[in-house]
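So the chains spell out like this:
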Protein chains: 2
Amino acid sequence: MSTLPILFSFFDSESIVNHIHQALNYEIGKLQIHEFPDQEIVVKIESDLTMRDIIFVASLDHPNAKILPLIFAAETVRNLGAKKIMLIAPYLAYMRQDKIFEAGQGIIAQYFAKMLSQYFDSLITIDPHLHRIHSLKEIFSIPTAVLHATNAIASWISHQVVNPVLIGPDMESAQWVHEVAKKTNSPYVILNKIRKNDYTVEISENNIEHYRACIPILIDDIISSGMTLIETTKHLESLKMKKPICIGVHAIFSGDAYPHLMNAYVSKVVTCNTIQHPSNAIDISDEIIQFLKKEQTQLG
Amino acid sequence: MSTLPILFSFFDSESIVNHIHQALNYEIGKLQIHEFPDQEIVVKIESDLTMRDIIFVASLDHPNAKILPLIFAAETVRNLGAKKIMLIAPYLAYMRQDKIFEAGQGIIAQYFAKMLSQYFDSLITIDPHLHRIHSLKEIFSIPTAVLHATNAIASWISHQVVNPVLIGPDMESAQWVHEVAKKTNSPYVILNKIRKNDYTVEISENNIEHYRACIPILIDDIISSGMTLIETTKHLESLKMKKPICIGVHAIFSGDAYPHLMNAYVSKVVTCNTIQHPSNAIDISDEIIQFLKKEQTQLG
């Protein structure tokens, strides 16, 4: 009998699950979520889980309706005799709610982490939005590991772009942009963003026009409304820079954000497959595979 | 400073909250749920909650997308200094998932109750679907109270219908129908239902044609697909009974169930306001008010 973990795919995470399966020979478990006419659901698992380690791969964008199915699946798996359950959340939601922004609010990132910690034994995620919370250890009570998309992004740039200049649209993006610049040996510039509300941002002045000969590559962690990138492209256009390539780690694209960004002053929009989306072109599975290879015994 | 509880209304529970407020003078708290473009939410509370008892009124039909907002609100309320949080769920979801129906499933009712028990200090609900689970104590680890819609339903029938015969469409409905028959001093009949799948049911033969002169009143706890009631009305039509009034405690009405039922052999569809719906005509607030008046100190 195999003692390798069994993988379960949730919410369009098949591509990552299949890559892990191919690389590490982990079995892919069979799980059905049946929805009744009243929209309540029941989970059914057709694999023998007795004393097996379980890995759920579930991207947590648009999280509200996903959480009960995920919790019910975790509880069902545990009742069927599983040993440990690891959650691989390529995108971890609610990390931007990392402080009390107004009186009367709570710190939602904390509550979300506390809840996940009750149902899973460990968590792996890709580039969570760590800003005021500096480590997942501050909010999770289970072992966690943060993996990065920077290798995969750098590799894509190296293969696809000649003479790039990397641009971070705001200070929060500096961590990724700096890493990718190092790995690709490219110049980079970090801009200042002033967020006016959920949908409006403004970009401050800077010196990127020195790089007019280069192909600008905008890099951000989360593309949600897309306004940060769109404002940045307007700024580049006003400086007579070339049309930029926009790279996002997490392709949230709320509402019409994707067509809006495609119609902006951009040559291409490229994202990682942490959230399934037509713009996905950079596969981060290898980061997860390398981690599972080396670390699983320790973390599990 | 008042020491009465503060009421918060969730998911269209205003009518019940307003009735409690009017009867008991409990303050209605101000709570906003803001949704960001990525569909993540944040809760903001504008009332001073320090050392106050809190009551959430939240009907849990179509529960999957409601649970995170409810949990985040409970956590926020607790962080703002609230003493105890009571959940009044006029409709309690997932109670029909009360056993392992097929190998590989779990008992979802248990998981749901365990989860709610982690965030609330007590629970009140109206006529939960107690079938194989005989008491909420079996699945909740917090104090619970089950209130009944039978008084309110009996009162409505007494005021609106002359010469009724009450009809329970299946054995599970017997508990309600029997109670309402006693309170209204009416004859009643319980039918046998054979459920073939989520949408198909069959009614067995019986002797209700003895009541051809009466107005048939079908009573069920949950109207979801409506198929149970529709099949029963066909049966009544075939026996040349008068067009029945359909009364449901919980107006789930999945998909087109409501227009389908209205177009069936029925004279009227009437429900309690445990779930807000155009068919609501029976107010169950008084049951809650009487309970809070008598029992809150004990339960809280």
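Refer to the structure printed above.
Cut-off values and rules
- Note that residues are indexed from 1 along each chain, following the sequence as it is written.
- To read the labels, note that chains go from A and ligands from 1, taken in the order they are written.
- For a predicted model such as this one, the threshold for reporting local features is a pLDDT of at least 70, and the threshold for listing and counting side-chain atom pairs is 80 or more; totals across whole chains, interfaces and linings nevertheless cover every residue.
- With hydrogens and water stripped out, all remaining heavy atoms of the structure feed into the side-chain values.
- Whether two residues are in contact is decided by their heavy atoms, any of which lying within 4.5 Å being enough.
- Accessible area that two parts lose when put together, evaluated with a 1.4 Å probe and summed over both, is termed the buried area.
- Salt bridges are defined as contacts in which a side-chain nitrogen from Lys or Arg sits within 4 Å of a carboxyl oxygen from Asp or Glu.
- Any pair of nitrogen or oxygen atoms within 3.5 Å is treated as a polar contact; in protein, a donor-acceptor pairing is required on top of that, and neighbouring residues in sequence qualify only through side-chain atoms on both sides.
- Only DSSP runs of H or I covering at least 4 residues are called helices, and only runs of E covering at least 2 are called strands; the numbering of each starts at the N terminus.
- In short, DSSP must find at least two bridges between two strands for them to pair.
- Between the N-to-C directions of two axes lies an angle of 0 to 180 degrees, each axis being a line fitted to C-alpha atoms and, for a helix, fitted only over the stretch in contact.
- Two cysteine sulfur atoms make up a disulfide if the distance between them is within 2.5 Å.
- The superposition of copies rests on a least-squares fit of C-alpha positions from residues with pLDDT of 70 or more in both.

**Examining the interface of chain B and chain A**
- Contact with chain B, which involves 47 residues of that partner, is made by 46 residues of chain A.
- Note on chain B versus chain A: buried area summed over both sides is about 4,300 Å², and carbon and sulfur give 54% of it.
- Considering only the surface of chain B that becomes buried against chain A, Pro37(B), Glu40(B) and Tyr111(B) emerge as the three largest contributors, covering 16% of it.
- For Lys114(B), the salt bridge identified is with Glu75(A), shortest N-O distance 2.9 Å.
- If you look at where chain B meets chain A, you find 16 residue pairs in polar contact (both at pLDDT 80 or more).
- Secondary-structure elements contributing two or more residues to the side of chain B that touches chain A are β3 (31-35), β4 (41-45), α2 (67-79) and α3 (108-119) of chain B.
- Looking at the side of chain B that touches chain A, the element that brings in the most residues is α2(B), giving eight residues.

**Describing the sheet that holds strand β7 (residues 122-126) of chain B**
All names here are of chain B.
- The six strands are arranged β2-β1-β5-β6-β7-β8 in an open sheet whose pairing can be described as parallel. Strands at the two margins of the open sheet, each flanked by one partner only, are β2 (27-28) and β8 (144-147).
- Sitting on the sheet, helix α1 (residues 14-24) touches β1 (6-10), β2, β5 (54-58) and β6 (85-89), and the angle it makes with β1 is about 165°.

**Concerning the state of the cysteines**
- All told, the structure shown has zero disulfides over all chains when counted by the stated rule.
- Unpaired in terms of disulfides, Cys272(A) finds its nearest cysteine sulfur in Cys246(A), a separation of 13 Å.

**Quick look at the relation of the copies chain B and chain A**
- Laying chain B over chain A is done by rotating through 180° and shifting 0.0 Å along the axis; what remains is an RMSD of 0.0 Å. Both copies are brought into coincidence by an operation consistent with a two-fold rotation axis. Within chain B, the C-alpha atom positioned nearest to the axis of rotation is that of Ala65(B), 2.0 Å from it.
- Both copies contact each other with a shared surface, as 98% of the interface residues of chain B are interface residues in chain A too.

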